Amino acid sequence: MHLVMIGGSDAGISAALRARELEPAADVTVIVADAYPNFSICGIPYYVSGDVAHWRNLAHRTTADLEATGMRLRLDTSATRIDVAGRKLQVTGSDGRDEMIAYDKLIVGTGAVPVRPPITGLSGPDALGPGDGVHLLHTMGDTFAVMRTLQTTSPASAVIVGAGYVGLEMAEALTARGVQVTQIEQLPEVLATVDPELGGLVHAELAAHDIQILTSATVQQISRADPGASGRLRVIARGNTGEAIERHADMVLVVTGVQPDTELAAAAGARLGIRGAIQVDPGMQTGLPDVLAAGDCVITHHRLLGETYLPLGTTAHKQGRVAGENALGRNRQFAGSLGTQVVKIFDQAAARTGLRHDEAAAAGFDPITVQSEADDHKAYYPGSHRITMRVTGDRRTGRLLGMQLFGHKHAEIAKRIDIAATAIFNNMTVEDMSDLDLSYTPPLGSPWEAVQMGAQAWDREVRNLSM
Ligand SMILES: Cc1cc2nc3c(=O)[nH]c(=O)nc-3n(C[C@H](O)[C@H](O)[C@H](O)COP(=O)(O)OP(=O)(O)OC[C@H]3O[C@@H](n4cnc5c(N)ncnc54)[C@H](O)[C@@H]3O)c2cc1C
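Since this is a predicted model, take the numbers as computed values, not measurements.

J.: When you look at helix 4 (residues 140–153) in this model, what are you seeing that I'm missing?
T.: Given 3.6 residues per turn, any residue in an α-helix points the same way as the ones three and four places further on. End to end, helix 4 covers 20 Å across 14 residues, agreeing with the expected 20 Å (1.5 Å per residue, within 8%). For helix 4, every residue scored as buried is listed here: Met140, Thr143, Phe144, Ala145, Val146, Met147, Thr149 and Leu150. Lining the buried residues of helix 4 we find helix 2 (44–49), strand 9 (134–136), helix 5 (165–176) and strand 16 (251–254). Looking at where helix 4 begins, the residue whose side-chain oxygen comes 3.3 Å from the main-chain nitrogen of Gly141 is Thr139. Ser154 occupies a position one or two residues after helix 4 and carries a positive phi of about 40°.

Here it is as structure tokens:
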């Protein structure tokens, strides 16, 4: 049994590890386009900031660790064609030579590539010339390019295009390196993965750390600045009322999301679904004989929405594990995502799980969202922090649909959102969440856990509305 995985990141490596764990006799080969298998690209902002001292520390496992599990790694090797009928994969090595590799089962984990918004001056890695200081950010190669710009040109200022979670993490990272950051976002508020009410709190945290934020502004052009300008690059954006906005900076980072990398699978005949991602069933089967796929290159099965596209590292790990298991002929199913995520913004954290208010309404629920606050632990014990919560539940059924949290980075925001994620995963009502038996001691919590107080605030509001 020869299993071949394409991609050496979360999905491909998870699949390979699971297959080797379940079937120590399985012959497993992982084809990796670059030389960085199993690197945590989620950690890139923390290497750029200096919190992680060396890029090698971003490896979840070293190459030697991976090989010790019995998998074979083919680094700097690109998969270039899938011969589905012949069960062969064409690969091209770093020496440019093509080779056909026979497989019994193939798992495509080619991931995603950064979206390139239609900005004049943003095509090719050095669109304005070598070392132009304009960057996308997804791979270790992109990271080295950013670090080269930082080390060789010591930029005083940067424009970050996009204020999603990667944009926010990079704003913090560049600020830590003494770079003055301007963040330009085309939506009306930063961090659109939470409701604007919490996005506004994130905005205030960025502003408190000297980030200049322009929202409702779409970047249209990046060009070299005239000599004598305050930065090497000139960025032109348009506001939503049509006004032209001009900024100068020494460096520009474009982080406006990702799109699935599906060229190889599509050329082999794989069906594409939402956002052009590979269509897979919950067993990660593509429908092509003996070809499975997982991670950012596939559609996401969502427990409340059905099919969507929600590329996240946590999801890629789970889907990869399912694919690795099923490639051995077993019958696992990916249980579905809730889009649970958290991001640290300087001293604060924002998290969400399930649906935001508008998403719930668009999905046909009758949502009510109630915002409230509670302390992370008893206020009489030193160091307590207020947490802002938004609970979304269905008015008719009381079902918990979503939760969003914002609070201090030491207020256990990540683990608190996981309480709500667990409740939604198990189809619980808002009231059920309030009934959960959760832990308490004054330095760490309250008799009513904060998210349960959020649930009770929701219940009060719904009862008021029905009176
Ligand atoms: C800066 C940053 C921060 C992030 N932070 C978080 C976070 O905090 N939490 C979270 O859940 N998610 C986070 N993510 C998202 C997460 O990293 C991705 O969801 C995850 O990496 C997806 O894994 P993947 O294996 O599907 O694809 P990718 O990581 O995109 O990897 C694809 C792999 O396939 C290889 N490949 C592609 N084409 C070929 C080919 N033809 N032949 C051979 N190999 C090929 C690539 O070299 C790579 O090894 C972050 C992403 C970034 C960029």
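J.: Hey, could you run me through empty space enclosed by the protein in this one?
T.: Any empty space left between the atoms is revealed when a probe the size of a water molecule rolls over them. One pass over the full model with this rule turns up one cavity of 30 Å³ or more. Considering only enclosed or pocket space, the largest cavity measures out at about 30 Å³ in volume. A total of three residues in the lining of the largest cavity trace back to one element, the largest contributor, which is helix 8 (residues 313–327). Of the residues in the lining of the largest cavity, the class split is six nonpolar, four polar and one charged.

J.: Looking at this structure, how should I read the pairing of strand 24 (residues 386–394)?
T.: Look at any regular strand and the pattern is simple: side chains alternate between the two faces of the sheet. Along strand 24, eight of the nine residues are buried, which leaves the element largely enclosed by surrounding structure. Summarising the sheet, strand 23 (residues 367–375) and strand 24 pair through nine bridges and their orientation is antiparallel. Each bridged residue has a counterpart across the sheet, and for Gln371 the counterpart in strand 24 is Arg390. Bridge count for strand 24 against strand 25 (residues 400–408) is seven bridges, and the pairing is antiparallel. Bridge pairing in strand 25 links Gly393 to Leu400. Between the end of strand 24 and the start of strand 25, which pair antiparallel, lie five residues, with Gly398 showing a positive phi angle near 75°.

Definitions and limits used
Counting restarts for each chain, with residues numbered from 1 along the sequence as it is written. Local features in this predicted model are restricted to residues whose pLDDT is 70 or higher, and side-chain atom pairs enter the listing and the counts only when it is 80 or higher, whereas totals over whole chains, interfaces and linings include all residues. Excluding hydrogens and water, the side-chain values take into account all heavy atoms of the structure. Only DSSP runs of H or I with at least four residues qualify as helices, and only runs of E with at least two residues qualify as strands; both kinds are numbered from the N terminus onward. The span you would expect from a helix comes to 1.5 Å times its residue count less one. Relative accessibility under 20% of the residue-type maximum defines a buried residue, over 50% an exposed one, and the middle range a partly exposed one, all with a 1.4 Å probe and only protein chains included. In what follows, residue pairs with any heavy atoms lying within 4.5 Å of each other are defined as contacts. Within 3.5 Å is the distance limit for a polar contact, defined as a pair of N or O atoms, with the added protein rule that one can donate a hydrogen and the other accept it, and that residues adjacent in sequence qualify only through two side-chain atoms. A pocket here means an open set of points on a 1 Å grid, computed over the protein atoms alone, that has protein on both sides within 12 Å along at least five of seven lines. A cavity is instead a set of points where a 1.4 Å probe fits but cannot get out; residues with an atom within 4 Å of a point line either one. Grid points are joined across faces, edges and corners, and a volume is the space filled by probe spheres set on the points. Three classes are used, and their members are as follows: Ala, Val, Leu, Ile, Met, Phe, Trp, Tyr, Cys and Pro are nonpolar, Asp, Glu, Lys and Arg are charged, and the others, Gly among them, are polar. If DSSP finds at least two bridges between two strands, the strands pair.

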